[in-house]
Every structure is written in structure tokens, then in C-alpha cells.
Amino acid sequence: MDIYGFLTDMGISPGSAVKIINGSHVVLSLLIASLLGWIVYMIAKKWLSKLVFKIAGKTSTKWDDLLFDKKFFNRLGLWLMPVVIRAGVSGVEWNHIHIVYKFLSAWIILASVLLISAVFDGINRIYESYPVSKNKPTKVFIQVILIFIYCGAIIGIVQIFTGTDLTALFAGLTAFAAVLMLIFKDSILGFVAGIQLTANNMVHIGDWIEMPGSHADGFVQEINLTTVKVQNWDKTITTIPTYKLVSEAFTNWRGMFESKGRRIKRSVFIDVNSIHYLSDEELDTLKSSDLMKDYIEKKIFEINEYNSSIKNNIDKRRLTNIGTFREYLESWLTHNPNINLNMLHLVRQLQPGPTGLPIEIYCF
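Each chain has its residues counted from 1, following the order in which its sequence is written. Given that this is a predicted model, residues contribute local features only at a pLDDT of at least 70 and side-chain atom pairs are listed and counted only at 80 or more, while totals for whole chains, interfaces and linings are drawn from all residues. Computation of side-chain values: all heavy atoms of the structure, hydrogens and water removed.

**Here's the deal with the overall build of the chain**
- In DSSP terms, a helix is any run of H or I states spanning at least four residues, a strand is any run of E spanning at least two, and both are numbered starting from the N terminus. Along the chain, the regular secondary structure elements total 14 helices and eight strands.
- Burial classes follow relative accessibility: with a 1.4 Å probe on protein chains only, a residue under 20% of its type's maximum area counts as buried, one over 50% as exposed, and anything between as partly exposed. Looking at the chain residue by residue over its 364 residues, the buried ones come to 30%.

**Thoughts on the packing of helix H12 (residues 280-287) against helix H13 (residues 293-307)**
- All axes here are fitted lines through C-alpha atoms, helices being fitted over the stretch that makes contact, and every angle between N-to-C directions spans 0 to 180 degrees. Axis separation between H12 and H13 bottoms out at 8 Å; the angle between their running directions is 135 degrees. One way to sum up the angle between H12 and H13 is to call them oblique. Where H12 abuts H13, its residues Leu283, Leu286 and Lys287 lie against Lys293, Ile296 and Ile300.
- Of the residues that constitute the contact of H12 with H13, the class distribution is four nonpolar, no polar and two charged. Orientation categories follow fixed angle ranges, with anything under 35 degrees roughly parallel, anything over 145 roughly antiparallel, 65 to 115 roughly perpendicular, and all other angles oblique. Any two residues having at least one pair of non-hydrogen atoms within 4.5 Å are treated as being in contact. Any residue that is not Ala, Val, Leu, Ile, Met, Phe, Trp, Tyr, Cys, Pro, Asp, Glu, Lys or Arg is counted as polar, Gly included; the first ten are nonpolar and the last four charged.

**Some remarks on the side chain of Thr238**
- Of note, Thr238 is situated in strand E4 (residues 237-241).
- The exposure class assigned to Thr238 is buried, which follows from its relative accessible area of 11%.
- For Thr238, the contacting residues outside a window of four places in its chain are Ser214, His215, Ala216, Val228, Lys229, Val230 and Asn232.

**A look at the sheet that holds strand E7 (residues 346-349)**
- Note on pairing: DSSP must find at least two bridges between two strands before they are called paired. Here we have three strands laid out as an open sheet, ordered E6-E8-E7, and antiparallel in their pairing. Of all strands in the sheet, those with a lone pairing partner are strand E6 (264-270) and E7, marking the two edges. Adjacent strand axes in the sheet meet at a mean angle of 20 degrees, parallel and antiparallel pairs treated alike.
- Here E6 pairs with strand E8 (residues 357-363) via seven bridges, running antiparallel. Of the residues in E8, the one forming a bridge with Lys265 is Tyr362.
- Seen against the sheet, helix H14 (residues 321-334) touches E6, E7 and E8 and runs at an angle of roughly 160 degrees to E7.

**Topic: unusual backbone geometry**
- Residue His215 is not a glycine yet carries a positive backbone phi of 60 degrees.
- Take His215: it is sitting in the loop between strand E1 (208-211) and strand E2 (216-223).
- Judged by its relative accessible area of 67%, His215 is exposed.
- Its identity as a non-glycine residue notwithstanding, Lys235 has a phi of 70 degrees, on the positive side.
- By the secondary structure assignment, Lys235 is in the loop between strand E3 (227-232) and E4.

**Describing the sheet that holds E2**
- Strand order in the open sheet formed by five strands is E4-E3-E2-E1-E5, and the pairing between neighbours is antiparallel. Here the strands that pair on one side only, and so sit at the sheet edges, are E4 and strand E5 (251-252).
- With five bridges connecting them, E3 and E4 associate as antiparallel partners. Bridge pairing links Thr227 to Pro241 in E4.

**Topic: a nonpolar patch on the surface**
- Like-charged residues within 9 Å of one another, or nonpolar side chains (Val, Leu, Ile, Met, Phe, Trp, Tyr) within 5 Å, are grouped into patches, provided each residue has over 30% relative accessible area and no salt bridge. Computed by Shrake-Rupley with a 1.4 Å probe, the accessible areas treat only the displayed protein chains as cover when residues are assessed. A pairing counts as a salt bridge when a side-chain nitrogen of Lys or Arg comes within 4 Å of a carboxyl oxygen of Asp or Glu. A cluster of nonpolar residues, Leu28, Ile32, Leu35, Leu36, Trp38, Ile39, Ile43 and Trp47, forms a patch on the protein surface that exposes about 810 Å² of accessible area.
- Mapped onto the elements of the fold, Leu28 is located in helix H2 (residues 14-58).

**A look at the pattern of salt bridges**
- Here the structure, examined in full by the defined rule, presents five salt bridges.
- Between Lys229 and Glu222 there is a salt bridge, with the nearest N and O atoms lying 3.8 Å from each other.
- A salt bridge links Glu302 to Lys299, with the nearest nitrogen and oxygen atoms 3.6 Å apart. Linking Glu302 with Lys299, this pair stays in helix H13, spanning three residues, or about one helical turn.
- Taking the relative accessible area as the measure of exposure, Glu302 reaches 30% and is therefore partly exposed.

**Focus on the environment of Lys287**
- Position of Lys287 among the secondary structure elements: in helix H12.
- Residue class for Lys287 comes out partly exposed when judged on its relative accessible area of 32%.
- Taking C-alpha positions, Lys287 is 7.4 Å from Glu297, a pair spaced 10 residues apart along the chain.
- Once you skip the residues sitting within four places of it in the chain, Lys287 turns out to touch Lys293, Ile296 and Ile300.

**A closer look at H13**
- To estimate the expected span of a helix, subtract one from its residue number and multiply by 1.5 Å. Here H13 contains 15 residues, and its C-alpha end-to-end distance of 21 Å stays within 8% of the 21 Å for a straight helix at 1.5 Å per residue.
- Those residues of H13 not exposed but buried are Tyr295, Ile296, Lys299, Ile300, Ile303 and Asn307. Down the axis of H13, the sector holding all buried residues measures 125 degrees, keeping them to one side. Those residues of H13 that are exposed and aimed more than 90 degrees away from the buried face are Asp294, Lys298, Phe301 and Glu305.
- On its buried side, H13 packs onto H12 and H14. Arc definition: it is the arc formed by the directions from the helix axis to the C-beta atoms.

**Describing a negative patch on the surface**
- Together, Asp280, Glu281, Glu282 and Asp284 line one region of the surface with negative charge.
- Residue Asp284 is classed as partly exposed on the basis of its relative accessible area of 49%. The sign given to each residue is positive for Lys and Arg and negative for Asp and Glu; His and the chain ends receive no count. To locate a charge, take atom NZ for lysine, CZ for arginine, CG for aspartate or CD for glutamate.

**Structural notes on the nonpolar core**
- In this structure, Leu197, Val203, Ile205, Ile209, Met211, Ala216, Val220, Ile223, Val228, Val230, Ile240 and Leu245 together form the largest nonpolar core, which totals 12 residues.
- Where this core is concerned, the elements lending two or more residues are E1, E2 and E3.
- Considering every element that reaches this core, the biggest residue donor is E2, with three residues.
- Contact partners of Ile209, with chain neighbours within four places excluded, come to Val203, Ala216, Asp217, Gly218, Val220, Val230, Leu245, Phe250, Thr251 and Asn252.
- Among the nonpolar cores identified, the runner-up in size contains 10 residues, and Ile322, Ile339, Val347 and Cys363 belong to it. Buried residues of nine kinds, namely Ala, Val, Leu, Ile, Met, Phe, Trp, Tyr and Cys, make up a nonpolar core once their side-chain atoms join them within 4.5 Å.

The following block contains the structure:
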């Protein structure tokens, strides 16, 4: 069918008929290219993802399962779609086709950044599947790399639409540096703090930390560029700025877990009026104790040997119930299977106070 002849027969001038035909060709080409791009997007998002997941599920390794997820294939489709559309409209002759090229180029740049971000997320998931990730988290550094990539993408998009030379753009950014530093203040501080936390081995994922100033008391779940997430004992989540872990004090209970012992520091308060010398009947009773038998017999022998050369009863040595009780607690700790004897353990007598004479138990 001769469309040109049909339009001229309808009374349309030849010049207008040519414009209508060319415009229809442009619109049709854009529609076909867009349809092909959408089909490629759906293939990558739906069918390609299912195929890759099916293949990855049959492999013996887990890294391929962690590297690819639905977000990756969705972003892959978003990247392929403008590439296909641009290829489809490359032969279109239109005075304003360069505007379409600009939007497609910006789309490709943005989709490329999103795709790279998805790849980095997959790499981070693979790394976090290994035990070393608890001690050396990489999320902080990945986020810093992505910030530079996003900044480069924004500069590239601005250059596409404005046509400004990159040198001029960077010169303008230097004048805008103070504003940028203010905007990214937390990110800059978080990046520096993340390096210090990692280099000095200050906190790991899974550590129990206590930071009263931030109402945090629980296990570290995530360390990223700007925040550290802590799950408290009541299952609430406290978010702490990363730089606060460097600038403020906090308690890390990791050493307690690594030492396989938790400190016990308690005092038993004795009424000072109840302190006295042990009688013979009390000594006979204590000799029947499996924990105290050897001690009592040894101390009686030492005291009798010492007192044999002492004539004045005032100068003679005698056992007291408070000293014997301290020894009983020491012996009880030694025979308790729940006490870690490889760590410091002692029973000591402290300064008496209004509540009595404290006998402190210190062990792990």
C-alpha cells in the first residue's frame, strides 16, 4: 500500500505527508525496540534466573548460590533493556534522536552501577559464609567502593546531559568540596572508624558489647559504613554510629568467651560477733568432712608443734572459725567441676564494714 499516495489523496500536502511517514517510522521503531527490550528484560528476570538457579543448585559449591540472586537478574535485565533499545533505534533518522540516546546512555550507566552493586553484594555474601568474616568484615570497604562508583556515575550522567568537559566538572566539584564533605561527614568518619576497628581488632560481628551511653547491650549483628547494629537482650535493635565505637568507651565481652570462663565475684558477709576460736568438739566435727579433714589435721599438727615451745597461753596459736571457713570455701572451689582452675581463683578476707566481715569469692 502506497501510504504517501494515500495521504496525498486525503488532501495532505506532500511535505506534511513525508513528515507523517517519517514520524510514524520513528514511533514504530521506538515501539518495536522498546518491546524487544522489554522481552529481553523479562527473559533475564524470569527465565534466565530460573535456569541459573537450577544449574547452581546442582553444583557442589555454594558460592554460585550466594553470588546470584533475584536482584542480580532483575538488574541484569534493566541493563540489557536499554542496550537492546539503543541497538534497535540506531538506524532511525530523526533530528531529536540524540535526546533518546542521552536518556538511554544515562539508563545504561545507572543500570551498570546497580548491576555492579548486586555483584558486590553477592561477593560479600560469599565472604560472610566463611568464619573469617566475623573477624574481618568487608562491608565497610565495599560500601566505600560503591560510593565512588555512584559518584562517578552521577558525574558521567551530568556530562552526558550537559555536554560539559569532565575537567570542568571536576574543577566545579573542588569548589563544592566543602559541601560534599558536610554531606558525607558520617560516611567519611565511618570509613576511618571501620579501618580502625578492623586494624585494632576492636569489635567483630557476633561480639557481645555493652555501651550504656547508646543504650546498647547485646550482640553485634552488622558493621557497615555508617552504623553498627546491636541486638539487645530484649531483642530490640540499637543502631550506633560507627565512629562512636572509636570516640567513646564501650565494653567488649569477647575475651570472656575466648577464655571459656566468666568471672564470679561475690562476698559472704560474716557477723563479727560470731567469730571465735574453734573448740575441740568443733574440730572433731570438721575432721569428719572430706573437704576439711586433711587441712584440719595438718593445721593441728603445725599449731601443736609451734605451741610446744610456748609457755604463755596468750601467745599460743589457735584455729578460728573465720579462717577455717575461708579455707572451706577455697577447698569447695577447688573440688567444684564448674570452676576453671586454670584461671585465677581465690577466697580472701576484706575490710569489715557496717554489714559485717566480707569473705570474697573470686573465680571463673
